Each structure stands twice: as structure tokens, then as C-alpha cells.
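Coordinate inspection notes
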Amino acid sequence: MSTKTPWWIRVPVLFFLIFGLMEYFIDSGDKPAIIEYPITQFFLLLVLMILIAIELILGSIENIMFQTLTEEGKERYLEAKNKKFEWTWAKNLMKKLTRTKSIEREQEIILDHNYDGIRELDNVLPPWWVYLFYATIVFGVVYLIRFHVIGEYDQALEYEQEVAAAQAAIQEYKKTAKDLVDASTVEYLSDPADLSAGEKIFQTNCVVCHTADGGGGIGPNLTDQYWILGGGIKNVFNTISEGGRDGKGMIAWKQSFKPAEIAQVASYVISLGGTTPANPKAPEGDIWVDPNAPAEPAGTESETPATEQVSDSTDVAMD
Ligand code: HEC
């Protein structure tokens, strides 16, 4: 090849090649290495400067060598150098893929027909097109065998698999997003695992004031339907998270527990509703009625556990 790639192609190509290799080999998680590790920016700058330095050195070596040439040699050298840069390989590839005849040689393939002076060329089918056509045949055969002979899977199965995968992803998300709950979004957790986790928190942190069965001590009875600060999972969550009235002794627990844990212990507290403690403390506060509960007498078809417990604990209180 008499003409070589000019520096303004060589330098960027090498630079981005090194950039790409660096990104490929450095494991930087989701973010590109250049952002994750700022030192790589320095490294790339160094690479760029070295590439430019190499170009400059090569340039001056060329210059020195040039000075050593004879007059005739200089002339020949300049002639070769000034030849315009050409994409020889790209041109050759293009020729192979199209097989067009140059205008000078069109005479060889011109057809006899003459339509008022317009004549037709008998060009071959462009190879790129023919290869593409063969590729569709291969694709078709493979497809036919996979889906109509073997019957690997069909649209319905594919759909079901994707729905299942999405459902799994939702479950996974919910697991990690449990801590997104707050007093306005919290729901009663009926899962035994959540309730036993809540019980554990209660037994270690709350029994000193509320006693182990929730009957009450320094703190009020948690099993009756009377609430000082409001019943129902949302109010209870709020009380545990933010604490009771100033000076009463019920601190805000949001520093100690994650929202998910508060939801668990709040659910446990709700689940104590209607149980019979050994030494129940006298009711404090007011009977709490869920404002969202259906108008009918609670207990029959109510969905929220809080309301069920209100009706249950009525019996207890009357005993
Ligand atoms: C230092 C004693 C103490 C501890 C420990 C304590 N509480 Fe309390 N708790 C109280 C007092 C006192 C009140 C009443 C607050 C008020 O009157 O404002 C209360 C109120 C409550 C209420 C609201 C009751 C109502 O009638 O509205 C809930 C629910 C509650 N506590 C749950 C818990 C949970 C869950 C824990 C453990 C994480 C806990 N408490 C730990 C003393 C305590």
C-alpha cells in the first residue's frame, strides 16, 4: 500500500480503541469506568498525549530522514507522499459487493434493444443483494424447523413466560421497597413471618411499658378498642414512628427501626386487639371506629383487621 492512513485518523482510532478496551476490562458496575473511577480520565488524557507525542516524533524522524535524501530521492518521496489518501480497501470491498461495471466498460454489457435511444444494461445482480436473499432462505428453513417441526415455543408460551418474569420482578421489587411505607400507605401485614418479626421487636423493646401480652403498664392497654392516639394500622404506625404526647414516655421509634420494621410491630400490635391480657389496664382514650369501614355493623364482611378486632374486643370488654 503506497498510501498510509493519515494521522488524523490514526490518533482518534487508536484512542477510542484504548478507551473501548479500558471500558471492557474494567468492571465498574452500572456506570462506565470513566465516571466510576475518575483516575481513568487522567489515564486517557495521558494516552492521548502519548499518541500525539509519538506522532510528533515520527514526524520529525521523517523530516530528518528526508534531509538525508538526494535531490532525486526527495522528489520521488514527495510525489509518493502527495498522492491523495484513498480508501483503497473500502473501495475494493464496495466493488466486490456491487460488481458494477465502470462507465468505460459498459459497452460490454449493453443490450441490443434500443428504445428511442434509451438502451439497457445487463448488470449482474448485486452480490450484497444475492447474499441477503440466501440469508433469508437459511433463516426461513431454521425458523420452519424450530417453530413448525420441533415446536420449541409459541407466542402464548412466550407471553406467559414474560408475564411470569415480570411478576417475579415485581415481587423482587416489593421486597426491596418494603421500607417505602409510611403512615399513609402502610397496610396490615397478615403474613405470619411479618407478625413474628413484629412480636420479636415488641418483646425486646415494648414490654417494659406495655407488658408482654399488651395489657398495659406505664403505657396503655393495646388490646382493647380504646385508643388515646387513634387505632387502626395507620394511626398505630404513626404513634410508634413519631411517639406519643410529650412527657408521657412513648418515644418516637423511627430512629431505631426501619419503616418496614415499624409496619411489622404495628401489625403485631393490631393483632393483639381482642386478646385477653392477664392484667388488663383500664381503658384510656376513646373507642376508635375506622372511618373507612363500611357503614354496616363491623365484623361480618369487613376487610380491615382493625375493625374486626374492635368488634371482637367489645366482647372482651363486656366480660
Ligand atoms: C417507656 C415506656 C414505653 C415504651 C418502651 C413503649 N411505649 Fe408505647 N406508650 C407508652 C405510653 C406512656 C403511651 C401513651 C402515650 C400518650 O398518652 O401519648 C404509649 C402509647 C403507645 C401506643 C398508642 C396507644 C393508644 O392508646 O393510642 C402504641 C400503639 C404504642 N405505645 C406502641 C408501642 C410499641 C410498639 C413500643 C415498642 C416499640 C412501645 N410502645 C414502647 C409507653 C411506652
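Since we're looking at a predicted model, the values are computed, not measured. (Residues numbered from 1 in each chain as written. Predicted model: local features only at pLDDT ≥ 70, side-chain atom pairs only at ≥ 80, totals over all residues.)

Quick look at the overall build of the chain
Each helix and strand counted, the chain has twelve helices and four strands in total. Radius of gyration (C-alpha) of the chain: 41 Å, far over the 20 Å computed for a compact globule of 319 residues. Among the 319 residues that make up the chain, the fraction classed as buried is 17%. Of the contacts made within the chain by residues no fewer than 6 positions apart, 66% connect residues no fewer than 24 positions apart. (Helix = DSSP H or I, 4+ residues; strand = E, 2+ residues; numbered from the N terminus. Rg over C-alpha atoms; globule rule 2.2 N^0.38 Å. Buried ≥ 20, exposed ≤ 12 C-beta atoms within 10 Å, placed from the backbone. Contact = placed C-beta atoms within 7 Å.)

Some points on the site of the ligand
C206, C209, G219, G244 and M250 are the nearest of the 25 residues found near the ligand. The set of elements that each furnish at least two residues to the shell around the ligand consists of helix 8 (192-205), helix 9 (207-210), helix 10 (232-242) and helix 11 (259-272). Counted by class, the shell around the ligand contains 16 nonpolar, seven polar and two charged residues. (Near = placed C-beta within 6 Å. Nonpolar A, V, L, I, M, F, W, Y, C, P; charged D, E, K, R; others polar.)

Points about the nonpolar core
I233, V236, F237, V265, A266 and V269 are the most contacted members of the largest nonpolar core, which has 18 residues in total. Of all elements in the fold, only helix 10 and helix 11 reach the threshold of two or more residues within this core. No other element matches the eight residues that helix 11 contributes to this core. (Core = buried A, V, L, I, M, F, W, Y, C linked by C-beta atoms within 7 Å.)

Looking at the pairing of strand 2 (residues 118-121)
Bridge count for strand 1 (residues 110-115) against strand 2 is three bridges, and the pairing is antiparallel. Looking across to strand 2, one finds that N114 is bridged to R119. Between the antiparallel neighbours strand 1 and strand 2 lie two residues, among them D116 with a positive phi of about 45 degrees. (Pairing = 2+ DSSP bridges.)

Section: the UniProt feature "domain: Cytochrome c" (unreviewed entry) in the chain
If you check UniProt for "domain: Cytochrome c" (unreviewed entry), the listed places come out as residues 193-273 in our numbering. Helix and strand shares over residues 193-273 are 52% and 2% respectively, and the end C-alpha atoms of the span are 18 Å apart. (UniProt positions renumbered as here; feature names shortened; annotations may be inferred.)

Comments concerning the UniProt feature "coiled-coil region" (unreviewed entry) in the chain
According to UniProt, the "coiled-coil region" (unreviewed entry) feature falls on residues 156-183. Structurally, residues 156-183 comprises 75% helix and 0% strand, and the distance from its first C-alpha atom to its last is 42 Å.

Section: unusual backbone geometry
Phi at R99 takes a positive value of approximately 50 degrees, unusual for a residue other than glycine. When you line up the elements, R99 lands in the loop between helix 5 (88-98) and strand 1. By C-beta crowding, R99 is classed as partly exposed, having 13 other C-beta atoms within 10 Å. For T211, which is not a glycine, the phi torsion comes out positive at approximately 60 degrees. With respect to the helices and strands, T211 occurs in the loop between helix 9 and strand 3 (226-227).

Looking at the confidence of the model for the chain
With 90% of its residues at a pLDDT of 70 or more, the chain has an overall mean of 87. For the stretch residues 298-319, pLDDT sits under 50, and the model shows 41 contacts to residues farther than four places along the chain or on other chains. (pLDDT = per-residue confidence, 0-100.)

Quick word on helix 8
Between its terminal C-alpha atoms helix 8 stretches 20 Å, which fits the 20 Å expected from 14 residues at 1.5 Å a residue. For helix 8, the secondary structure elements touched by its buried residues are helix 9 and helix 11. (Expected span 1.5 Å × (residues − 1).)

Examining the environment of N63
If you trace the backbone, N63 turns up in helix 3 (residues 39-68). For the pair N63 and I240, spaced 177 residues apart in sequence, the C-alpha separation works out to 82 Å.

Points about helix 10
Most of helix 10 sits out of view: eight of its eleven residues are buried. Considered for burial, the residues of helix 10 that qualify are G232, I233, K234, V236, F237, N238, T239 and I240. Within two residues after helix 10, G243 carries a phi angle of roughly 90 degrees, on the positive side.

Regarding the packing of helix 10 against helix 11
Where helix 10 contacts helix 11, the axes come no closer than 9 Å and their chain directions differ by 125 degrees. Between helix 10 and helix 11, the angle falls in the class oblique. Like other packed secondary-structure pairs, helix 10 and helix 11 cross with a definite hand, here right-handed. Here I233, V236, F237, I240 and S241 of helix 10 lie close against helix 11, whose contacting residues are I262, A263, V265, A266, S267, V269 and I270. (Axes fitted to C-alpha atoms, helices over the stretch in contact; angles between N-to-C directions. Parallel < 35°, antiparallel > 145°, perpendicular 65-115°, else oblique. Left-handed = near helix turned anticlockwise from the far one by under 90°.)

What to know about the packing of helix 8 against helix 11
Between helix 8 and helix 11, whose axes approach to 7 Å, the crossing angle comes to 90 degrees. On the basis of the axis angle, helix 8 is roughly perpendicular to helix 11. Here D194, L195, A197, G198, E199, I201 and F202 of helix 8 come into contact with helix 11, specifically with E261, Q264, V265, S267, Y268 and S271. Per-class residue counts for the contact of helix 8 with helix 11 are six nonpolar, four polar and three charged.

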